[in-house]
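# Structure assessment
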Amino acid sequence: MAPKMALKKGDEIIGKRKIVNKGAWTAEEDTKLSDYIQKYGAKQWKTVALKAGVNRCGKSCRLRWLNYLRPNIKRGNISDEEEDLILRLHKLLGNRWSLIAGRLPGRTDNEIKNYWNSHLSKKVNHKERKSEFPATPAGTTPPSEEMREENLENEDTEINIDMNDLFHFSAEGTYGLDWIDKFLQIDEQGA
DNA sequence: AACGAAGTCAACCGCTAATTT
DNA sequence: GAAATTAGCGGTTGACTTCGT
């Protein structure tokens, strides 16, 4: 009698058969997937999933490879420059995480998204709330040093640019990211 | 030390767009 | 041109960790 296959939490089961693993990837699965992709390339994720021997769906393999296993990936320690770039690009593009990640070599859309949700969105909300309380009228308590610094920072990140121009520009040209470069150049000059 | 709340992040889900048949 | 398949994206979830009481 064949031994029962151990089920981990989250494994998907149809009937009495274990179909695909779910949840956190093990080191063994990572190795198998990396080895397969290095040999045969990262294309046709369904095939990769089947042949790499990881018992995962193609989607899961793709995500794991793109976000953690592929070469030249950077993890953690987002620098001030990167953070500044994320803030500016988000101001311009909104939640277009893959586009933003495309401007940050080695960073993934998932990491940028997580970083935004756990760090930057709070910062931005904090600043926005502060800016709802403008200059104190004469005779009342002047703004604190901290608040004045916040205001200066807000001025620094103010974007003095006609967005219609930018989108018109992007529509005229190719679908490349030249227009974002243009935007960033203008933004840097303004800062 | 124990517990709950809050924060973080890896992974999944559902949807759309792009590509293939 | 239509249908099926695959790839990619953004939102959300849930496990784990850290912090405060």
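Residues numbered from 1 in each chain as written. Chains lettered and ligands numbered in written order. Predicted model: local features only at pLDDT ≥ 70, side-chain atom pairs only at ≥ 80, totals over all residues. Heavy atoms only, no water.

### Thoughts on the protein's contact with DNA strand B
- Taken together, 16 residues lie around DNA strand B, and Lys22, Lys59, Arg64, Arg75 and Ser118 are the ones closest in.
- Near-protein atoms of DNA strand B (within 4 Å) split between backbone and bases, with sugar and phosphate holding 65%.
- The contact in question runs from a base nitrogen of DNA strand B to an N or O atom on the side chain of Asn110, over 3.2 Å.
- At the level of secondary structure, the elements contributing two or more residues to the surface near DNA strand B comprise helix H3 (58–69) and helix H6 (109–131).
- In terms of residue class, the surface near DNA strand B is made up of four nonpolar, six polar and six charged. (Near = heavy atom within 4 Å. Polar contact = N/O pair within 3.5 Å; in protein donor to acceptor, adjacent residues only side chain to side chain. Helix = DSSP H or I, 4+ residues; strand = E, 2+ residues; numbered from the N terminus. Nonpolar A, V, L, I, M, F, W, Y, C, P; charged D, E, K, R; others polar.)

### Structural notes on the pattern of salt bridges
- Considering all chains together, one arrives at seven salt bridges under this definition.
- Salt-bridge contacts for Glu82 lead to Lys74; the nearest nitrogen and oxygen are separated by 3.2 Å.
- On the basis of relative accessibility, which here comes to 10%, the residue Glu82 falls in the buried class.
- What makes Lys74 partly exposed here is its relative accessible area of 38%.
- Residue Asp84 is joined to Arg88 by a salt bridge in which the shortest nitrogen-to-oxygen separation is 3.2 Å. Residue Asp84 and its partner Arg88 are both found in helix H4 (residues 80–93); the two are separated by four residues, about one turn of the helix. (Salt bridge = Lys/Arg side-chain N within 4 Å of Asp/Glu carboxyl O. Buried < 20%, exposed > 50% of the residue type's maximum accessible area, 1.4 Å probe, protein only.)

### Observations regarding the packing of helix H1 (residues 27–40) against H3
- One way to put it is that H1 packs onto H3 with a least axis distance of 11 Å and a crossing angle of 90°. Viewed along their axes, H1 and H3 adopt a mutual orientation that is roughly perpendicular. In contact with Asp30, Leu33, Ser34 and Ile37 of H1, H3 contributes Cys61, Arg64, Trp65 and Leu69.
- Within the contact of H1 with H3, the residues separate by chemical class into five nonpolar, one polar and two charged. (Axes fitted to C-alpha atoms, helices over the stretch in contact; angles between N-to-C directions. Parallel < 35°, antiparallel > 145°, perpendicular 65-115°, else oblique. Contact = heavy atoms within 4.5 Å.)

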